[in-house]
Amino acid sequence: MNKILLLAFAAVILISCGQPSPETNFDKFGVSFTCPKGWSITEEEDFDGEGYYLSVEKDGFTSSGIVTVTWVNGILDLYDWLDVFKEELKNNIVYKNSDLAFEAAVNNDYNSINSLASKFTATILGVKHQGIIHLFNYGDRTVAVLKQEALEDKAKNKLGFGIIEHSFKVK
């Protein structure tokens, strides 16, 4: 009897592992967006009411799509905060030996919110990646949205990135 239960449990685990994550909605502290089917929120951290961090990743061990959203309560200089982001990435173990390179910051927008943005490239584990960091002040907070993907996954990530961006709101 125990062997049958164990086999049934193992079958359920194996079947569910192949299923994509369902579409969900994130809505906390005035920031909201849709997390598309096949993507999931993998990390969240509340900075003791002073800000927030979350990471959204495309399902799959070999998937490369990631969006991180970070905000702090208060208005920061966007160029200064961009410099902080660049330094943090340069010192991160994933990027430390990745030929990380940033383009000059330009005016841009993220879901019609004016932003300061900087594109970047990196080679991670031999795979070429590209990304962009958008920074903007909204209300009484400063927000950063980082988007990154492997070049070979651009077509696979396009819909998910679009759903996240087009549903993104800050109140």
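These figures come from a predicted structure and were not determined experimentally.

J.: So what's going on with the pattern of salt bridges? Which residues, and what values?
T.: Counted under the stated rule, the structure contains four salt bridges. Across the pair Lys-28 and Glu-44 runs a salt bridge, and its minimum N-O distance is 2.9 Å. Of this pair, Lys-28 sits in strand S1 (residues 24-28) while Glu-44 sits in strand S3 (residues 39-46), and the two are 16 residues apart along the sequence. With relative accessibility at 38%, the residue Glu-44 sits in the partly exposed group.

J.: If you had to explain the packing of aromatic side chains to someone new, which residues and values would you point to?
T.: Overall, the coordinates contain ten aromatic pairs when judged by the stated rule. For the pair Phe-26 and Tyr-52, a centre-to-centre distance of 6.2 Å together with 45° between the ring planes defines the contact as tilted. Remark: Tyr-52 occurs in strand S4 (residues 51-58) and Phe-26 occurs in strand S1; sequence separation between them is 26 residues. A relative accessible area of 5% places Tyr-52 in the buried class. Aromatic side chains Phe-136 and Phe-168 sit 6.4 Å apart centroid to centroid with 85° between the ring planes, which places their arrangement in the edge-to-face category. Within this pair, whereas Phe-136 is found in strand S9 (residues 127-138), its partner Phe-168 is found in the loop between helix H3 (154-167) and strand S11 (169-170), the two being separated by 32 residues in sequence.

J.: Describe in detail the side chain of Ser-115, supporting the description with residues and values.
T.: Among the secondary structure elements, Ser-115 is positioned in strand S8 (residues 113-124). Within polar-contact distance, the side chain of Ser-115 engages the backbone nitrogen of Asp-109 at 3.4 Å. Excluding residues that lie within four positions of it along the chain, Ser-115 makes contacts with Val-106, Asn-107, Asn-108, Asp-109, Tyr-110, His-134, Leu-135 and Phe-136.

J.: Talk me through helix H2 (residues 78-91); I want residue IDs and the actual numbers.
T.: Between its first and last C-alpha, H2 extends 20 Å over 14 residues, near the 20 Å set by a 1.5 Å rise per residue. All buried positions along H2 are accounted for by Leu-78, Trp-81, Leu-82, Phe-85, Lys-86 and Leu-89. Relative to the axis of H2, the buried residues are bounded by an arc of 145° and lie together on one face. Contact partners of the buried residues in H2: strand S5 (66-73), strand S6 (101-102), S8, S9 and strand S10 (141-150). The residue sitting at the N-terminus of H2 and contributing the capping side-chain oxygen is Asp-77; that oxygen lies 3.1 Å from the backbone nitrogen of Tyr-79.

J.: Residues and numbers for the sheet that holds strand S2 (residues 31-35), please.
T.: Strands sit in the order S1-S2-S11 across an open sheet of three strands; the sheet is antiparallel. Every interior strand has two partners, whereas the edge strands, S1 and S11, have only one. As defined by bridge partners, S1 adjoins S2 across five bridges and the pair is classed as antiparallel. Counted as the bridge partner of Thr-24 is Cys-35 from S2. Most of the contacts of H3 go to S2, to which it runs at about 155°, and overall it touches S2 and S11.

So, how was this worked out
Residues numbered from 1 in each chain as written. Predicted model: local features only at pLDDT ≥ 70, side-chain atom pairs only at ≥ 80, totals over all residues. Heavy atoms only, no water. Salt bridge = Lys/Arg side-chain N within 4 Å of Asp/Glu carboxyl O. Helix = DSSP H or I, 4+ residues; strand = E, 2+ residues; numbered from the N terminus. Buried < 20%, exposed > 50% of the residue type's maximum accessible area, 1.4 Å probe, protein only. Phe/Tyr/Trp six-rings, centres within 6.5 Å; stacked < 30°, edge-to-face > 60°. Polar contact = N/O pair within 3.5 Å; in protein donor to acceptor, adjacent residues only side chain to side chain. Contact = heavy atoms within 4.5 Å. Expected span 1.5 Å × (residues − 1). Arc of directions from axis to C-beta. Pairing = 2+ DSSP bridges. Axes fitted to C-alpha atoms, helices over the stretch in contact; angles between N-to-C directions.

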